[in-house]
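Overview (structure and organization)
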Amino acid sequence: MDQKLRNEIQILVNNYKYGDFKKVLSKCSYLVKKYPKNDFLWNLTGLSFQRIGKQENAVTSFKNAIDHNPKNNSAKNNLGISYKIMRRYSEAEKIFSELLIDNPNYVNAIINLANLKKDTYFLDEATSYYKKALSIDENLPELHLNISSILQVKNKMDEAKEHLFKALKLKNNFTRADQTLSMLLDYKNEDNSDHLSSMLNKIKDSGLVDNDKILLNFALGKAFEDKKDYENSFKYYEKGNYIKEINIKSNIDSYKKKAEKIKNYFSKINVEKITKFTDDRKKIFILGLPRSGTTLLEKIISSHPKVGSVSEIGFIYEKINEYITTNNKIDETKIDTLMNKNLSKEYNAFLKSFNVQEEYILDKTLTNFWYIGFIKIFFPNSKIIHSYRNARDNCLSIYKNLFGGNRTDWTYDIKNIQKYVKIYREMMDFWKNKIDKKIYEINYEDLVQNQEIEIKNLLNFCSLEFEQECLQHHKSKNPIKTVSINQSRRPIYKDSVELNLKYKKFNNLFKDI
């Protein structure tokens, strides 16, 4: 490699480190034409595509790198990551496993295989791989964070906290660990005041990047809420939401247009008369707004011995989007293409990657409410449960929480939350008018007040016999992956009922709901 190319590559690496992926792609596009056999350039191109979410392009680039240098393990590992992001789990696992045959101590491959096992609920295997990686390199704080997440799923909260403290000991500015820990600690307990003080000191650092500021502000909002200092709590939540909203630039109008397109299509058809699809596996779908009681319902139902949960898997919502949208906008001309697909067969094939063998599958992808009509067409015997609660409590709880993924861009601005909730309500009213008897509605406040009666009615709708374990759901170790995980490990509690009244100085919040 000549010196001029070395210098250009170093500049590109710096651009990549600073997140200027478009500049990297533009320059790499020129350089790979000049140096088509340079595997480093192809790998860097793939990484940049990976970071902007263009996984198909990333896969092509990584394959080019490997073709020109079959010993480029970094490109192979990155190819596995893209396959995992695309949820092509078997292909990803094959790559990581082959890398470990060649080099059993290749830490990156071990960690990525562990991440894959965690995502598909093979939790014991995932833990084993994480611990193997730690035995090779004990100075990786992210591993402690990942182990902690598994321990939380297994309801081993004390051990989960220990790993988070270990992560912070290795990397004091690891704000993701701070934010996760804040969800597990109760700051009324003075034993946790040191961690609160630590976060207050960190947030004073003028050199913090936005993501660190977001994580710390949400963590501090939770801490001061625990201490019933609602004024300071809201101050930090407000800051965190403001920075997050600036960074994601939500487009609430796109949801309104989406709703119009869906209603326009389904207003012309009778869902009940489309009977060409069958499904040989029993399914329960829980849907609604975030923070509306859906995680509690998931925990109750998945405590039944016949039910296994894949939690917020997202497959159906994402697959339907893939089939019927162009540039993120619904194209009604594409819906007929979807109707000729066998989505139930695709979904069942996808489920085989997960460590869930029970008779009933529970899917708690909240955004499935958009596509209830399609769900009833492709999964005609499925049970659909809609969870809802006091609107102001729900909206405030959304505002107070930091979500992952790209389906919650609307949750960081009060006006956007109000607009989205209005769209969601109109969609649910539309579906109830179309297929009312097929949707079971449950109110969170009713569940809290009359849990045994409500749980029995819920199980009856799902064609499940009553089991005592469903009343003791907080003791179950069934895996769930959600921001509500800590609350779902408690018995049913009433703290969140009329939560908005505790923020007395902010009575105008969500006044239009």
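All of the points below concern the structure found in this document. Remember, it's a predicted structure, so these values are computed and weren't measured experimentally.

Okay, helix H17 (residues 315–324) next. Among the 10 residues in H17, 8 count as buried, and that is most of the element. Within H17 the residues assigned to the buried category are Phe 315, Ile 316, Tyr 317, Lys 319, Ile 320, Asn 321, Tyr 323 and Ile 324.

This part is about the nonpolar core. Within the largest apolar cluster, 138 residues are counted, with the highest numbers of intra-cluster contacts made by Tyr 347, Trp 370 and Phe 374. The dominant element in this core, judged by the number of residues it contributes, is helix H22 (residues 414–435), at 10 residues. In contact with Phe 374, other than residues within four places in its own chain, are Phe 266, Ile 320, Ile 324, Ile 335, Leu 338 and Met 339. Counting residues in hydrophobic clusters, the runner-up holds 23 residues, among them Ile 300, Ile 301, Phe 461 and Cys 470.

With that out of the way, let us pick up the environment of Lys 434. Inspection of the secondary structure assignment puts Lys 434 in helix H22. Given the relative accessible area of 27%, Lys 434 is considered partly exposed. With near-sequence residues (within four places) excluded, Lys 434 lies in contact with Phe 266, Ser 267 and Ile 269.

With that out of the way, let us pick up H22. Counted at 1.5 Å a residue, the expected span for H22 with its 22 residues is 32 Å, and the 31 Å between its end C-alpha atoms agrees. Within the sequence span of H22, burial applies to Asn 416, Ile 417, Gln 418, Tyr 420, Val 421, Ile 423, Tyr 424, Met 427, Met 428, Phe 430, Trp 431 and Ile 435. Regarding H22, its N-cap is Asp 413, as a side-chain oxygen of that residue lies 3.1 Å from the backbone nitrogen of Lys 415 further along.

Bringing the sheet that holds strand E7 (residues 439–443) into the picture now. In space, the 5 strands of this open sheet follow the order E2-E5-E1-E6-E7, with parallel pairing throughout. Strands at the two margins of the open sheet, each flanked by one partner only, are strand E2 (307–311) and E7. Ignoring which end each strand starts from, the neighbouring axes of this sheet average 25° apart. Summarising the sheet, strand E1 (residues 282–288) and strand E6 (residues 383–388) pair through 5 bridges and their orientation is parallel. Paired with Phe 285 across the two strands is Ile 384, which belongs to E6. In this fold helix H16 (residues 294–302) packs onto E1, E2, strand E5 (360–363), E6 and E7, with an angle of close to 160° to the strand it touches most, E1. Strand contacts of helix H24 (residues 451–461): E6 and E7, with the helix running at about 165° to E7, the strand carrying the most contacts.

Attention now goes to the packing of helix H7 (residues 107–119) against helix H8 (residues 123–136). Here H7 crosses H8 at 160°, and the two axes come no closer than 8 Å. Comparing the axis directions of H7 and H8 gives the class roughly antiparallel. For the crossing formed where H7 meets H8, the hand is left-handed. Residues Val 107, Ile 110, Ile 111, Leu 113, Ala 114, Asn 115, Lys 117 and Lys 118 of H7 form the contact with H8, whose participating residues are Leu 123, Glu 125, Ala 126, Tyr 129, Tyr 130, Lys 132, Ala 133 and Ile 136. Considering only residue class, the contact of H7 with H8 consists of 11 nonpolar, 1 polar and 4 charged.

Conventions and cut-offs
- Residues numbered from 1 in each chain as written.
- Predicted model: local features only at pLDDT ≥ 70, side-chain atom pairs only at ≥ 80, totals over all residues.
- Heavy atoms only, no water.
- Buried < 20%, exposed > 50% of the residue type's maximum accessible area, 1.4 Å probe, protein only.
- Helix = DSSP H or I, 4+ residues; strand = E, 2+ residues; numbered from the N terminus.
- Core = buried A, V, L, I, M, F, W, Y, C linked by side-chain atoms within 4.5 Å.
- Contact = heavy atoms within 4.5 Å.
- Expected span 1.5 Å × (residues − 1).
- Polar contact = N/O pair within 3.5 Å; in protein donor to acceptor, adjacent residues only side chain to side chain.
- Pairing = 2+ DSSP bridges.
- Axes fitted to C-alpha atoms, helices over the stretch in contact; angles between N-to-C directions.
- Parallel < 35°, antiparallel > 145°, perpendicular 65-115°, else oblique.
- Left-handed = near helix turned anticlockwise from the far one by under 90°.
- Nonpolar A, V, L, I, M, F, W, Y, C, P; charged D, E, K, R; others polar.

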